[in-house]
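# Topology and contacts: notes
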Amino acid sequence: MAQILNFRHIPFLSSKPNSHLRFLSTLIASSSRRRRNVAPLNLRRRYTAMEVEESSSLGPTTGFNKRRAEGTDKTNFTRKNLQLKVRKLNPINTISYVQILGTGMDTQDTSPAVLLFFDNQRFIFNAGEGLQRFCTEHRIKLSKIDHIFLSRVCSETAGGLPGLLLTLAGMGEEGMTLNIWGPSDLKYLIDAMRSFIPNAAMVHTKSFGPTFGTNESTVQFQSNNSIVLVDDEVVKISAIILQPSNNESQLLKPCQSPSQRADHSTEILDSPNGKKLPAAKPGDMSVVYVCELPEIKGKFDPGKAKALGLRPGPKYRELQLGNSVESDHQNVMVHPSDVLGPSIPGPIVLLVDCPTEFHLEALLSSKSLATYGDQVEGNLPKAGKGVACVIHLSPESVVSCSKYQTWMKAFGSAQHIMAGHEKKNVEIPILKASARIAARLNYLCPRFFPAPGFWSLPNHNCSKPGSLASMFDLILLQDSLSALSNVINAENLLKFTLRPYVNLGLDRSCIPTTASSSEIIDELQSEIPEVVEAAQHVSQLWQDCSQTKDDLIPVADHKMVIEEPWLCEDEITPACLENVRRDDLEIVLLGTGSSQPSKYRNVSSIYINLFSKGGLLLDCGEGTLGQLKRRYGVSGADDVVRSLSCIWISHIHADHHTGLARILALRRDLLKGVPHEPVLVVGPNKLKRYLNAYQRLEDLDMLFLNCKHTTKASLDDFENDLQETVNSQDLSNNNAEINASKVDSTLFAKGSRMESYWKRPDSPVDKGDVYPLLRKLKRAIHEAGLNALISFPVVHCPQSFGVVLKAEERTNSVGKVIPGWKIVYSGDTRPCPELIEASRGATVLIHEATFEEGMVEEAIAKNHSTTNEAIEMGEAANVYRIILTHFSQRYPKIPVFDKTHMHKTCVAFDMMSINIADLPVLPKVLPYLKLLFRNDMIVDESDDVVDVASSAS
């Protein structure tokens, strides 16, 4: 039975009476009524077992689930075995095709995926970040996917896999899983994901190729270097391993430690030609997948069957299935070839991922691939089946090589689709639903919602239907590929039909059309005519702040929106905002949803933009890099990643950190060859276990610091010791120790009911391990213009934290000292005294508000907060502005909130960018945002909204 505890000592402010408040005119108020949510039956069953202890000071609802906070609550993931669906196959498929799933095609943050579709089976090749959100957008049901194949094992091709597995595991009563295939270094990714994904979700993983001393299910090399993975009556899928040439293999991993190199360098494998070669290093291998459909049997001729003495009946069916039968009237055996017309060879599809020139030699020397070419040695025609389509996932740097182009000509009769090169379809947003919302918000309030980066890219029109691939125009390959007229650029949702055979070839019917911002705004003005006047009012808000009332320019009548009285009241502006500059601070909400990505909201991530001084990331859910690309453009996001000072992660749940590896890998690549220091990642200890395991796969160029060492108590000890040892450079020689679990709190103090939650280590940590990292953190935040980064424990799951960022003081032109601003981020939490204490006097509190006020029971069970609780926390701490975020995906566009407590509050949207100079205006924009979403105020009760990622720890 889950235990519900409460806090009797939090000095909450009493709720303000709402009799004096008028929120909006009837126009908006009538559309803002939303039906209260009723928890699904399976959730209600879980919550009925909980006991609530009422608090005399806080009321009956301010409690928390102690077992969940301690990590002992098993009600959210009790499944031992997840369902692997076995489907009845249809050998005679009426529909079959391959389709480009354009993840990353507009943002270039990840590899596109490829869908191989059959009537009763689905295969997906590569699962980069954003795949789950893409499938939701384009109504591709995750529950129908049977197999995922990885062409490489890295953040670019597998970044979306953790979230996908967790979502499938939470579907239905029994949960689901699928088959995952990849080269043998898949083992390292699986080992890393075990830090936060239940093993039951990953039991059907199979790797192939050279092994690294793993116990995973591994398909070994065959003598011809082609490894058959799937072979049924519908399709045969084989893999061909590409290993980089011997010496270059070492060059690809320059940052590996000597121990990592030694760990695998002793593995010696037999190559197909009998030579002894060093085993590939983790992350080096790439795969070419060969998908072969069975031949189409010739048409059955009843006349021939009758002439051979057969009566109509079951024997006709046997012959059509390829089996010989005995004649009914003649003493002969009748074979299928006697009664069937000529068979049509089944089409073949190649998916080629040759990531570097070092892999190219393996591609060129593959005898297995050579058997599928149009010609064999001696320029003689090749007998048998030919390749119908080749999908190239290889990058431009490889495709531009003359050797690669020569290899392509061996498949001259095939349709070549170039899906791996850069500059693809950047003018067509892949996630059109969220792009449409972003355009509408930009029209209404461009200060808080700048134009997306992909609409500001110069010369981005690089892909037009029917034109020769622009990539070849750019690198002048027309002459060298003049013999290949059937080469095209990949486009999002482009299909190549395999069945029915009469339609074999390209199908552009699903390719989305370009939607310009002007078209979206025309649609908005037609749908909500009042939005034109609303946009004028919003623009006037900034004039209201900078001019006196006598100077204001009058705007047309205000019947459209009646502001609440508190919006017109004078309020005390914090001293830190005096003479503040627009290049001091900007808070960019990259992801504002919880649990899993949806059409309109990505999962948690916040970018603290310090402009010329760099920036920080607070949480880094899947798709964070893609969101940065959408906000700042492709090259602008690269600049952001280069200049990151620190990345801070609140807890181990997947929706808060699975975008981290992709960010770190990109930063590593961007800074390769440039003098720099590894970026500092601050997070819970479980995250360290994940990152350490993942770095066996690919180096992430980072240093890790446990959040426990950045609490106020630990930092105070650090500063005190620095004063005592100011002339010492080697603190480890002092033989002193730091108690990393020392926490200045009441909820987690020794002897409290939550002492076990903090999980103090039995042995203290050596200063020599921790202090160098604290020095680096201190230097990094100082260079960013910050005075402090302080973590504090919160109540959610084991090792959950919030964070405080304090800016340095500054001096104005007359010598007056102006205090620095203070930003507090709650992470995921129930209301707790640590958060109130940390937030006292904050300039901005960014607080999670997963549930609406009517779902307090659900909030307690999952240790989240409601909107009212989040606002009350800010009121209790006397913060200046409250930003609500981390909304349940049951609220697709705008969450439910109590309109009586919004005088200093605003709700967050993806891509919302809040400049510190605009904080006075922030709450006044909310009524206009409600107008914008007045037709979208219905809660999404879809079965597709599954709250599983936050429960699987």
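Scroll up for the structure.
Every value quoted in this text rests on a predicted model; they were computed, and no experiment measured them.

Calculation criteria
Residues numbered from 1 in each chain as written. Predicted model: local features only at pLDDT ≥ 70, side-chain atom pairs only at ≥ 80, totals over all residues. Heavy atoms only, no water. Helix = DSSP H or I, 4+ residues; strand = E, 2+ residues; numbered from the N terminus. Buried < 20%, exposed > 50% of the residue type's maximum accessible area, 1.4 Å probe, protein only. Contact = heavy atoms within 4.5 Å. Phe/Tyr/Trp six-rings, centres within 6.5 Å; stacked < 30°, edge-to-face > 60°. Pairing = 2+ DSSP bridges. Polar contact = N/O pair within 3.5 Å; in protein donor to acceptor, adjacent residues only side chain to side chain. Axes fitted to C-alpha atoms, helices over the stretch in contact; angles between N-to-C directions. Core = buried A, V, L, I, M, F, W, Y, C linked by side-chain atoms within 4.5 Å. Parallel < 35°, antiparallel > 145°, perpendicular 65-115°, else oblique. Nonpolar A, V, L, I, M, F, W, Y, C, P; charged D, E, K, R; others polar. 1 Å grid on protein atoms, 1.4 Å probe; cavity = no way out; pocket = protein on both sides within 12 Å on 5 of 7 lines; lining within 4 Å. Points joined across faces, edges and corners; volume = space filled by probe spheres on them. Left-handed = near helix turned anticlockwise from the far one by under 90°. Right-handed = clockwise from strand over helix to strand, strands pointing away.

### What to know about the overall build of the chain
A count of helices and strands for the chain gives 32 helices and 40 strands. Considering the chain as a whole, with its 953 residues, one finds that 59% of them fall into the buried category. Sequence separation of 24 or more characterises 72% of the internal contacts of the chain that already satisfy a separation of 6 or more.

### Remarks on unusual backbone geometry
At the junction of Arg499 and Pro500, the peptide bond is cis and its omega measures out at 0° in the coordinates. Of note, Pro500 is situated in the loop between β22 (495-499) and β23 (505-507). At Asn579, a position not held by glycine, the phi torsion is positive, near 55°. For Asn579, the location among the structural elements is in the loop between α21 (565-568) and β24 (586-591).

### Section: the environment of Trp821
Here Trp821 lies in the loop between β35 (817-818) and β36 (822-825). Accessibility expressed as a relative area gives 7% for Trp821, which makes it buried. Each C-alpha atom of the pair Trp821 and Ala807 lies 5.4 Å from the other, and the pair is 14 residues apart in sequence. Setting aside residues up to four positions removed in sequence, Trp821 forms contacts with Cys576, Leu585, Leu610, Leu786, Leu805, Lys806, Ala807, Thr843 and Ile916.

### Details of the packing of aromatic side chains
Enumeration according to the criterion identifies 19 aromatic pairs in this entry. Between the aromatic rings of Phe125 and Phe149, the centroid separation amounts to 5.0 Å while the plane-to-plane angle is 20°, which identifies the pairing as stacked. Within this pair, whereas Phe125 is found in strand β6 (residues 122-125), its partner Phe149 is found in strand β7 (residues 147-149), the two being separated by 24 residues in sequence. Owing to a relative accessible area of 3%, Phe125 belongs among the buried residues under this scheme. We classify Phe149 as buried; its relative accessible area is 0%. Ring centres 5.4 Å apart and planes at 65° place the aromatic pair Phe149 and Tyr289 in the edge-to-face group.

### A word on the pairing of strand β25 (residues 605-609)
By the criterion of burial, β25 is predominantly enclosed, with 5 of the 5 residues buried. Alternating residues of β25 divide into Ser605, Tyr607 and Asn609 and Ile606 and Ile608, and every residue in both groups is buried. With 5 bridges joining them, β24 and β25 adopt antiparallel strand pairing. Following the sheet pairing, Val588 is matched in β25 by Tyr607. Alignment of β25 against strand β26 (residues 615-620), held across 5 bridges, turns out to be antiparallel. What sits directly across from Asn609, in β26, is Gly615.

### Some thoughts on the side chain of His886
Summarising the element assignment, His886 is placed in the loop between β38 (881-885) and β39 (905-907). Owing to a relative accessible area of 1%, His886 belongs among the buried residues under this scheme. Within the local environment of His886, its side chain forms a polar contact with the side chain of His656, the two groups lying 3.3 Å apart. When residues no more than four places from it in sequence are discounted, the contact partners of His886 are Thr592, Gly593, Ser594, Ser604, Asp655, His656, Asp828, Glu848, Ala849, Thr850 and His864.

### Observations regarding the sheet that holds β38
Taking strand neighbours across the sheet as the criterion, the 6 strands line up as β32-β33-β36-β37-β38-β39 in an open arrangement whose pairing is mixed. Every other strand in the sheet has two partners, leaving β32 (786-793) and β39 as the edge strands with one partner each. Each adjacent strand pair in this sheet contributes to an overall mean axis angle of 15°, direction not counted. Relative to β36, strand β33 (residues 801-807) runs antiparallel, the two being bridged by 4 bridges. Bridge pairing links Val803 to Tyr825 in β36. Its contacts with the sheet place helix α31 (residues 867-876) against β37 (844-848), β38 and β39, and it is angled at close to 155° to β38.

### Thoughts on helix α22 (residues 624-632)
With 8 of 9 residues buried, α22 is to be regarded as a mostly interior element. What α22 keeps buried is the set Thr624, Leu625, Gly626, Gln627, Leu628, Lys629, Arg630 and Arg631. Immediately downstream of α22, the backbone of Gly633 shows phi near 85°, a positive value.

### A word on the nonpolar core
Ranked by size, the top nonpolar core spans 111 residues in total, and within it Leu116, Phe125, Ile237, Tyr289 and Ile391 carry the most contacts. Contacts of Ile391, omitting those with residues within four sequence positions, involve Val98, Ile100, Val114, Val349, Leu350, Leu351, Val352, Ile417 and Ala419. Ranked by size, the runner-up nonpolar core spans 104 residues in total, among them Val531, Val580, Leu618 and Val896.

### Let's talk about the side chain of Arg152
Structurally, the position occupied by Arg152 is in the loop between β7 and α5 (155-158). Reaching out from Arg152, the side chain makes a polar contact with the side chain of Asp353 at a distance of 2.9 Å. In this structure Arg152 touches Asn126, Thr157, Met285, Ser286, Asp353 and Pro355, once residues within four positions along its chain are discounted.

### Looking at the packing of helix α7 (residues 186-193) against helix α25 (residues 685-694)
Between α7 and α25, the least distance of the axes is 8 Å, while the angle of their chain directions is 175°. Relative to α25, the element α7 lies roughly antiparallel. Contacts between α7 and α25 involve Tyr188, Leu189, Asp191, Ala192 and Met193 from the former and Tyr690, Ala693 and Tyr694 from the latter. Of the residues in the contact of α7 with α25, the class split is 7 nonpolar, no polar and 1 charged.

### Here we look at α31
Within α31, 9 of the 10 residues are buried, leaving the element largely enclosed by the surrounding structure. Here α31 has its buried residues at Thr867, Asn868, Glu869, Ala870, Ile871, Met873, Gly874, Glu875 and Ala876. Elements that come into contact with the buried residues of α31 comprise α29 (833-839), β37, α30 (856-862), β38 and β39. Once α31 finishes, Asn878 follows within two positions and takes phi at roughly 55°, a positive value.

### Some thoughts on the sheet that holds strand β19 (residues 387-392)
Backbone-to-backbone hydrogen bonds join strands into a sheet, with any given pair of strands oriented parallel or antiparallel. Pairing within the open sheet is mixed, and its 7 strands lie in the order β11-β12-β15-β18-β19-β20-β21. The sheet terminates laterally at β11 (226-231) and β21 (487-489), the two strands that pair on one side only. Taking each pair of neighbouring strands and ignoring which way they run, the sheet shows an average axis angle of 20°. Where strand β15 (residues 286-292) lies against strand β18 (residues 348-352), 5 bridges are found, and the strand directions are antiparallel. Across the sheet, the residue bridging to Cys291 is Val349, located in β18. Packed onto the sheet, helix α13 (residues 357-365) meets β12 (236-242), β15 and β18 and runs at close to 125° relative to β12. Its contacts with the sheet place helix α16 (residues 402-409) against β18, β19 and β20 (415-418), and it is angled at close to 160° to β19.

### Quick notes on empty space enclosed by the protein
In total, this model carries 9 cavities of 30 Å³ or more according to the counting rule given. Contributing to the lining of the largest cavity are 21 residues, with Ser434, Ala435, Ala438, Asp910 and Met911 lying nearest its centre. Elements represented by at least two residues in the lining of the largest cavity include exactly α17 (432-444) and α22. Considering each element in turn, the lining of the largest cavity owes the most residues, 5 residues, to α17. In the lining of the largest cavity, the residues fall into 13 nonpolar, 2 polar and 6 charged. Sorting the residues of the lining of the second largest cavity by element identifies α4 (131-137) and α22 as the ones contributing at least two each. Considering each element in turn, the lining of the second largest cavity owes the most residues, 3 residues, to α22. Looking at side-chain class alone, the lining of the second largest cavity contains 4 nonpolar, 9 polar and 5 charged residues.

### Overview of the packing of α22 against helix α23 (residues 634-642)
For the pair α22 and α23, interaxial distance at closest approach is 7 Å and the crossing angle is 120°. Classed by the angle they form, the pair α22 and α23 counts as oblique. The handedness of the crossing between α22 and α23 is right-handed. Here Leu625, Leu628, Lys629 and Tyr632 of α22 come into contact with α23, specifically with Val634, Gly636, Ala637, Asp638, Val640 and Val641. Residue composition of the contact of α22 with α23, by class: 7 nonpolar, 1 polar and 2 charged.

### Some details on the pairing of β36
Alternating positions in β36 separate into two faces, Lys822 and Val824 on one and Ile823 and Tyr825 on the other, with burial throughout. In this structure, β36 lies alongside β37, joined through 3 bridges in parallel fashion. Note on β37: the bridge partner recorded for Ile823 is Val844. Once the chain exits β36 it traverses α29 before rejoining the sheet at β37, and the crossover so formed is right-handed.

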